[in-house]
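# Architecture and fold: a report
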Amino acid sequence: MSEQSEGIVTAPVDNAWSMEIPKFKPEDNKHGMLEESSFATLFPKYREQYLRQVWPLVQKCLSEHHIKADLDVIEGCMVVKTTRKTWDPYIIIKARDMIKLMSRSVPFEQARRVLNDDIGADIIKIGSLVRNKERFVKRRQRLIGAGGCTLKSIELLTNCYIQIQGQTVAALGPYKGLQQVREIVEDTMKNVHPIYNIKMLMIKRELAKDPKLKNENWERFLPKFASKSISKRKEPLKKKPKKKYTPFPPPQTESKVDKMLASGEYFLKEDEKRRKKKEEKMKKQEEANKSRQEKRQQAFVPPQETPFSKDNTKQNSVDVEQLKKKLRKNKVKKS
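Report follows, based on the coordinates.

Here the focus is the overall build of the protein. The helix and strand tally for the protein stands at 11 helices and 6 strands. Whereas a compact globule of 335 residues would reach a radius of gyration of roughly 20 Å, the protein reaches 44 Å, over 25% beyond that. Here the C-alpha coordinates of the protein stretch approximately 120 × 105 × 55 Å along the principal axes.

Rendered as structure tokens:
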């Protein structure tokens, strides 16, 4: 009876996103925390000035949840700790996410929203997704868009705040929105343009408004984008035909001695070998001289002339009467 009165659901639920998370109150944990938990996060040098300005507000915000915050400028780190008065066991994780976001250039006004129960944070590492540096920069810029238009449209559709800094993408918002942001970012770094995912989200939002289509499968309404491979592999000019597979090894190549034995040169004496080499050399020289003389004689060979014929001569057809008229006009003008 007590479960029914409080409205606690124990049966399996079709849509988990529609469930309301019950609030955790100080009465649920009267004894507090037994051990002290702490988390530290490093921050870059250029964030030091901003963090010094905002740190009193950070301490004030975390003190409401009984969390102690320290800023160490010498070591360049932020530390959050639990105290004896801390009653929420998960608030230290939320505080850790808050300082992580602030170290990644997220402003304090946005980072403090992580302390709410229905809002989470996700830091997506994109540095290792693309090896080539130029390609990585282009794809990261594609995620931002011209004047930040693409990033702003993703923020509006997912209800998340997104900050792209270096090799990480920091996002904070509702858990369903964070899931969508991660999918878009990973697809963009895999060379899928974010506009496709934005179109999908827009169609899904419109379909969710219709009560008839709310519980139906939406695959027939969603566009299917086929990837086109524009760059083709360069094919060689001369393609070698593949030889048929044989289980036997290729025949052994003949050595110099084997060739000499086959031609009978191996059994010749040294004088005869020299004579044979000399004869071969003389033959090559004669052939080279002949080819050289032929090339020289080609310059003195007259080219073939085409035979003369009356049909080949093209006579321009001239209108005699028009020519006479022109001559008469010229005489009149001169006179």
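Their axes nearest at 9 Å, the elements helix α6 (residues 149–158) and helix α7 (residues 175–189) cross at an angle of 150 degrees. The angle between α6 and α7 places the two elements in the roughly antiparallel class. Considering how the two elements wind past one another, α6 and α7 form a crossing that is right-handed. In this structure, α6 contributes Ile154, Leu157 and Thr158 to the contact, and α7 contributes Gly177, Gln180, Val181 and Ile184. Tallied by class, residues from the contact of α6 with α7 come to 4 nonpolar, 3 polar and no charged.

This paragraph deals with the sheet that holds strand β4 (residues 120–125). Strand order in the open sheet formed by 3 strands is β4-β6-β5, with antiparallel pairing between adjacent strands. The sheet is open, and its two borders are formed by β4 and β5 (161–165), each paired with just one other strand. Recorded for the sheet is a direction-independent mean angle of 15 degrees between the axes of neighbouring strands. Where β4 and strand β6 (residues 168–173) come together, 6 bridges link them in antiparallel fashion.

Right, let's talk about the layout of surface pockets for a bit. Gaps left between atoms are located by rolling a probe of water-molecule size over the structure's atoms. A volume near 540 Å³ is recorded for the second largest pocket. Lining the second largest pocket we find 18 residues, and of these Ile21, Lys23, Asn116, Asp117 and Asp118 sit closest to its centre. A breakdown of the residues in the lining of the second largest pocket according to their chemical character gives 10 nonpolar, 2 polar and 6 charged.

This structure, assessed with the given rule, holds 1 aromatic pair. Taken together, a centroid distance of 5.7 Å and an interplanar angle of 90 degrees make the contact between Tyr266 and Phe267 edge-to-face. A relative accessible area of 43% means that Tyr266 is categorised as partly exposed. Its end group placed over the ring of Phe39, Arg96 keeps NZ or CZ at 5.4 Å from the ring centre.

The next thing to look at is the side chain of Thr158. With respect to the helices and strands, the residue Thr158 is situated in helix α6. A polar contact is formed between the side chain of Thr158 and the backbone oxygen of Ile154, at a distance of 2.6 Å. With residues up to four places along the chain from it excluded, the contact list for Thr158 reads Pro174, Gly177, Gln180, Val181 and Leu201.

Time to look at helix α2 (residues 48–63). Relative to the 22 Å expected for 16 residues at 1.5 Å per residue, α2 spans 22 Å between its end C-alpha atoms, a close match to the ideal helical length. For α2, the principal kink sits at Val54 and spans about 50 degrees; a proline, Pro56, occurs within the next four residues. The set of residues buried in α2 consists of Glu48, Leu51, Val54, Trp55, Val58, Cys61 and Leu62.

To summarise the sheet geometry, strands pair through backbone hydrogen bonds and adopt either a parallel or an antiparallel arrangement. With antiparallel pairing, the 3 strands of this open sheet are ordered in space as β1-β3-β2. Here the strands that pair on one side only, and so sit at the sheet edges, are β1 (38–42) and β2 (67–72). The mean inter-strand angle of the sheet, taken between neighbouring strand axes irrespective of direction, is 15 degrees. In this structure, β2 lies alongside strand β3 (residues 77–82), joined through 6 bridges in antiparallel fashion.

Cut-off values and rules
- Residues numbered from 1 in each chain as written.
- Predicted model: local features only at pLDDT ≥ 70, side-chain atom pairs only at ≥ 80, totals over all residues.
- Heavy atoms only, no water.
- Helix = DSSP H or I, 4+ residues; strand = E, 2+ residues; numbered from the N terminus.
- Rg over C-alpha atoms; globule rule 2.2 N^0.38 Å.
- Axes fitted to C-alpha atoms, helices over the stretch in contact; angles between N-to-C directions.
- Parallel < 35°, antiparallel > 145°, perpendicular 65-115°, else oblique.
- Left-handed = near helix turned anticlockwise from the far one by under 90°.
- Contact = heavy atoms within 4.5 Å.
- Nonpolar A, V, L, I, M, F, W, Y, C, P; charged D, E, K, R; others polar.
- Pairing = 2+ DSSP bridges.
- 1 Å grid on protein atoms, 1.4 Å probe; cavity = no way out; pocket = protein on both sides within 12 Å on 5 of 7 lines; lining within 4 Å.
- Points joined across faces, edges and corners; volume = space filled by probe spheres on them.
- Phe/Tyr/Trp six-rings, centres within 6.5 Å; stacked < 30°, edge-to-face > 60°.
- Buried < 20%, exposed > 50% of the residue type's maximum accessible area, 1.4 Å probe, protein only.
- Lys NZ or Arg CZ within 6 Å of the ring centre and 35° of its normal.
- Polar contact = N/O pair within 3.5 Å; in protein donor to acceptor, adjacent residues only side chain to side chain.
- Expected span 1.5 Å × (residues − 1).
- Bend = angle between axes of the 7 residues up to and from the residue.

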